[in-house]
Amino acid sequence: MRLPHEYTKFIERQHLLMKLDFRVTTLWAATLLFSLLASTVSSQSSEGFVTLNCGGGAFTDPVTGLEWENDERYIEASDDLRAEGVLISASVLLEPSTSPVDNAESLKDASVFYPIGPIPRSKFCYNLPILNYSSEEPMNYLLRATFPSSNLTTEATNARGDDVSLSTYSMRFYFTVDSTYISTIELQENQPQILELVITAFDAEVYVCLVPLEDRSSMPAISALELRSFALGMYPRVDTGMRKLSITTYFLTVARLNFGGDIQLRYPVDKYDRIWAPAKIPSGEKQFRSRTNVSRVHYPPNKEIDMPDEVMSTAWVATQWENNVTFEVNLTGVRAMRAIPSFYFSLLFYEMLETANNTRFVNNYLDDDGEQRFFEDTEIYNYLWLQVYSRRWTFTTNAPTFKIRANGTSPNPGLVNAAEFYGEFDAVVWRTFQNDSSTLKTFSLSAPSLLDTAGDPCLPVPWAWVVCSIETPPRVTQINITSRGVGGNLPTDFGQLDRLTILDLSNNSFRGRVPASLRNVTTLTVMNLGGNELEGELPGFPPLAFQNLERLSFSNNRLKGNVSSLVNSLAEPLFNLDLSRNSFSGAIPTEIEKLKNLQSMDLSSNRLTGELTFDLDKLSSLQYLNLSSNLLRGTVPSTLWSSSSLQLVDLSNNEFETLNLTTWYQGVLKAKSLEASAVLRQVRLQGNQIKEIVPANLIDLDSIIPTPSTNEQQNSLQTPLGFIL
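Treat the numbers as computed from the prediction; the structure is a model and nothing was measured. One numbering rule holds for all chains: residues counted from 1, following each sequence as written. Per-residue local features are limited, in this predicted model, to residues with pLDDT of at least 70; the limit for side-chain atom pairs, both in listing and counting, is 80 or more; totals at the level of whole chains, interfaces and linings are taken over all residues. The side-chain quantities take in all heavy atoms of the structure and omit both hydrogens and water.

A. The arrangement of the side chain of S506 in detail. Secondary structure counts use DSSP, requiring at least four H or I residues in a row for a helix and at least two E residues in a row for a strand, with both numbered from the N terminus. Turning to its location among the elements, S506 is positioned in the loop between β30 (502–504) and β31 (509–512). The definition of a polar contact used here is a pair of N or O atoms within 3.5 Å, where within protein one atom must be able to donate a hydrogen and the other to accept one, and adjacent residues in sequence count solely through side-chain atom pairs. Within the structure, S506 has its side chain in polar contact with the side chain of D504 (distance 2.8 Å). The residues contacting S506, other than those within four sequence positions of it, are I481, T482, S483, N528, G530 and N532. Contacts are assigned to residue pairs that have any heavy atoms within 4.5 Å of one another.

As structure tokens, this is what we get:
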């Protein structure tokens, strides 16, 4: 057991807190795994409650009177998931003896996310609306999730009409809230599981996600989901208030105990629907007993912790002045759920006597591998209530014991009314960088049925078509959508993705113009927009806008205009350029010579005109050059034959008139072989208007190959390695 120094003085001041002047640090989200301790009723009511009967229908809860509703309208892309056979409704075979609640209506059904379908999906998310969301003053909310037992059956069928088997796949998956991993859920036979969290909302929606295992072979399932809003100021933070950037931890609920009560209390007794479990006095216990204040307690609500009157109306009270009020907290289950570095606990006191001598002083002890007094001389008054609490406490054992005992001056024995215990762990409090997220959300609207778009783009796991950085907040670095049939216009604000390195949207049905804002994405190394229906002229990209680009393709679209601006925006790193099968026009700019690392260039099937004025010798890495099916004319340059890297050149179906073989002739003559490395492997010139070959006299090659005719009808000069004409 250890109490960090920075909180010691804070606890020692607690006897001054007559008005409950306390502060709870950091965003706290409590996770409560009650299998025997919770009732799963909840509500969608005037208080802003959201209460979802997952996989089932609407009903009125007979215990709380709150209204349940079906969950589908809260599931991201539910219609598409249902159509794909991914989202199915299942019945839960629940043994009455294993039901944790009197009213088990919400445990009878479940929404199951089947791991099949044409679209890879990284997660399945509920988008829960936040009541009265304020970015200036974030509020806390109670979130409760119920997971079914593994005894699931369904009448659903697959696309072939076969029955769906729910026993084929693993029933183990991850449960996350916004960007934070909460726990790994594994459905248990005959045993539903309930997790309760208190979260802070930082957006108008909270993403509650079920994440399949990494190989996406598992089958998430959920029976109920409930959201409750707390009053502004409840469960605040230590020192930092509720400022968004300061919230760094969640609280995982261990227990919420009502001492002296005999039934579970929740809504409407607790207007926030917190669940207060009755603490049970061990059989044969003589040192303390339960007591109820007959006239009942009432106090004005405090903004930090609004307690139900019924909870504070009961207590465990020592039978003798020297006796201890003792209770034990079991940490085994919580520590099995996840790593818990430290704990928060709160003890609540209210005087039960209504006599003149109604004050008592108590000392608080903790037996955790050795007894220690952690707070002394707690003064308890009638009509005033008190909270003693600490956070960042580390427990040594899994069963620490708390003892409350009157001190030497107290006229009355010790008592305690209620207690709360939470494990504390780090939380991820950010989402994907806002500009990136909004751009992707807009983009994904073009084809929601064809893309994985649940929850946040990057966290807790990225969408299947997105790669993100590990910085905080994460940035989108890659978009990979190939051959998915996705359509629509590209968003004009694509330029906001200014950390993007790969943009591959090839072979889809995107239309409209290429966004001018792409000029702002200077980090791109790969941009492939080929195989779409983009049209119009390219934007006027500034010089070196794509100075890091290595691969670029606009092939097979309907683009037009000249390519000068585009070429000027490129730089030496580019090694692959494909602008084929468009309607680009004008001359090939000589500035293309600066692309010294270019290995492949395909400008075929356009309307390019003019002569080849750029110097191929400067493109020293070029291996593949395709300028076929254009309107190029003039002379096939002699520099074509001087490259030692070129493997294939296709100039077919143009309007070339002269073939300059000077360099080729000299190379073959010098090597005395057509297989010399300096000789180009293959050149395609068919479909031109070659009328002249330079030099005309090739007689010196007679000993190597037959001298070709310069006849206008000449079709080819065959070599062992390909065709020249």
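Picking up after the structure, the text goes on.
B. How the structure looks around the environment of R144. Following the sequence through the fold, R144 ends up in strand β7 (residues 140–147). Within the local environment of R144, its side chain forms a polar contact with the side chain of E196, the two groups lying 3.0 Å apart.

C. Just the sheet that holds strand β8 (residues 152–153), in detail. For two strands to be treated as a pair, DSSP must find at least two bridges joining them. Overall, antiparallel pairing links the four strands, which are arranged β8-β4-β5-β13 in an open sheet. The open sheet has two edge strands with one neighbour each: β8 and β13 (221–222). Here five bridges tie strand β4 (residues 87–92) to strand β5 (residues 109–113), and the two strands are oriented antiparallel to one another. Bridged to S89 within β5 is S111.

D. Geometry of the pattern of salt bridges. What counts as a salt bridge is simple: a side-chain nitrogen of Lys or Arg found within 4 Å of a carboxyl oxygen of Asp or Glu. Summed over all chains, the structure comprises 27 salt bridges. The shortest N-O distance in the salt bridge between E471 and R499 comes to 2.9 Å. Taken as a pair, E471 in the loop between β27 (466–468) and β28 (476–480) and R499 in the loop between β29 (487–489) and β30 lie far apart in primary sequence, 28 residues in all. Between buried and exposed lies partly exposed: a residue is buried under 20% and exposed over 50% of the maximum accessible area for its type, with that area taken using a 1.4 Å probe on protein chains only. On the basis of relative accessibility, which here comes to 33%, the residue E471 falls in the partly exposed class. For R499, a relative accessible area of 36% corresponds to the partly exposed category. In this structure, K618 and E593 form a salt bridge, with 3.6 Å as the shortest nitrogen-oxygen distance. Of the two residues, K618 is situated in the loop between β39 (607–610) and β40 (624–626) and E593 in the loop between β37 (583–586) and β38 (600–602); the sequence distance between them amounts to 25 residues. Taken together, the shared-partner salt bridges connect R144, E196, E226, R228, R256, R266, D273 and E420 into one network.

E. Just the pairing of strand β33 (residues 533–537), in detail. Of the strand pairs in this sheet, β31 and β33 are connected by two bridges, and their pairing is parallel. From the neighbouring strand, R511 faces β33, where its bridge partner is E533. In terms of strand pairing, β33 meets strand β35 (residues 558–561) through three bridges, oriented parallel. When the bridges of β35 are listed, E535 appears paired with R558.

F. Spotlight on the state of the cysteines. The rule for a disulfide is simple: a pair of cysteine sulfur atoms within 2.5 Å. The tally for this structure, following the rule as stated, stands at two disulfides. Shown here is the disulfide that connects C458 with C468, its sulfur atoms set 2.0 Å apart. Across the disulfide from C458 to C468, rotation about the S-S bond amounts to roughly -80 degrees, and the bridge is consequently left-handed. Taken together, the positions of C458 in the loop between α5 (434–444) and β27 and C468 in strand β27 put the pair 10 residues apart, joining distant regions of the chain. With respect to class, C458 is no different from C468; both count as buried. Ordering the disulfide-forming cysteines of the chain by sequence position, one finds them joined as 1-2, 3-4.

G. Examining the environment of N323 more closely. As for its position among the elements, N323 is in the loop between β18 (314–318) and β19 (325–328). Overall, the relative accessible area of 12% leaves N323 in the buried class. It is 7.9 Å that separates the C-alpha atoms of N323 and A406, two residues lying 83 residues apart in sequence. Those residues in contact with N323 that sit more than four places away from it in its chain are K286, Q287, A318, I404 and R405. There is a polar contact of 2.9 Å between the side chain of N323 and the side chain of T319.

H. Local environment of the packing of aromatic side chains. Whether two aromatic rings pair depends on their centres lying within 6.5 Å, for rings of Phe, Tyr and Trp, where Trp uses its six-membered ring; planes under 30 degrees apart make the pair stacked, over 60 edge-to-face, and the rest tilted. Per the counting criterion, the structure on display carries 31 aromatic pairs. Summarising the aromatic geometry, the rings of F49 and Y267 are spaced 5.6 Å apart at their centres and angled 70 degrees between planes, so their arrangement reads as edge-to-face. With a gap of 218 residues between them, F49 in the loop between α1 (5–12) and β1 (50–53) and Y267 in the loop between β15 (249–258) and β16 (277–278) connect regions that are remote in the sequence. Taken as a pair, F49 and Y267 share a single burial class, namely buried. Aromatic ring contacts, followed pair by pair, group F259, F288, W316, F327, F343, F345, F374, W393, F395, F402 and F421 into a single cluster. Taking the ring centre of W276 as reference, the NZ or CZ of R256 above it sits at 5.7 Å. Its guanidinium or amino end placed over the ring of Y365, R405 lies 4.3 Å from that ring's centre, counting from NZ or CZ. Each ring is checked for a lysine NZ or an arginine CZ that lies within 6 Å of its centre and within 35 degrees of its normal; such an atom marks a charge sitting over the ring.

I. Local environment of the sheet that holds strand β42 (residues 648–650). Spatial strand order, β27-β28-β30-β32-β34-β36-β38-β40-β42-β44: 10 strands in an open sheet with mixed pairing. Among the strands making up the open sheet, the edge pair consists of β27 and β44 (682–684). In this sheet, adjacent strand axes meet at a mean angle of 10 degrees when their direction is disregarded. Axes here mean lines fitted to C-alpha atoms, for a helix over just the part in contact, with angles spanning 0 to 180 degrees between N-to-C directions.

J. Region of the structure containing the environment of I693. With respect to the helices, strands and loops of the structure, I693 is situated in strand β45 (residues 692–694). I693 sits in the buried class, given a relative accessible area of 10%. When the C-alpha positions of I693 and N660 are compared, they lie 5.9 Å apart, and in sequence the two are 33 residues distant.

K. Summary view of the nonpolar core. Membership of the largest hydrophobic core comes to 88 residues, with the highest contact counts inside it found for Y126, F175 and F327. With five residues, the single largest contributor to this core is β15. Among buried residues, those of type Ala, Val, Leu, Ile, Met, Phe, Trp, Tyr and Cys that are joined through side-chain atoms within 4.5 Å constitute a nonpolar core. Residues A545, L577, F584 and L612 belong to the second largest nonpolar core, which totals 75 residues.

L. Just the side chain of S638, in detail. Structurally, S638 is set in the loop between β41 (631–636) and β42. Excluding anything up to four places from it in sequence, S638 contacts N660, T662 and T663.

M. Summary view of unusual backbone geometry. Of the consecutive residues Y267 and P268, the connecting peptide bond is found in the cis state with omega at 5 degrees. Here P268 lies in the loop between β15 and β16. In this structure, P473 follows T472 across a cis peptide bond, with omega equal to -5 degrees. Along the chain, P473 turns up in the loop between β27 and β28. Its identity is not glycine, yet N653 carries a phi of approximately 55 degrees, on the positive side. With respect to the secondary-structure elements, N653 resides in the loop between β42 and β43 (655–660). Taking relative accessible area as the criterion, N653 reaches 41% and is therefore assigned partly exposed.

Interpretation note: all reported values are geometric properties and have no functional meaning in isolation.
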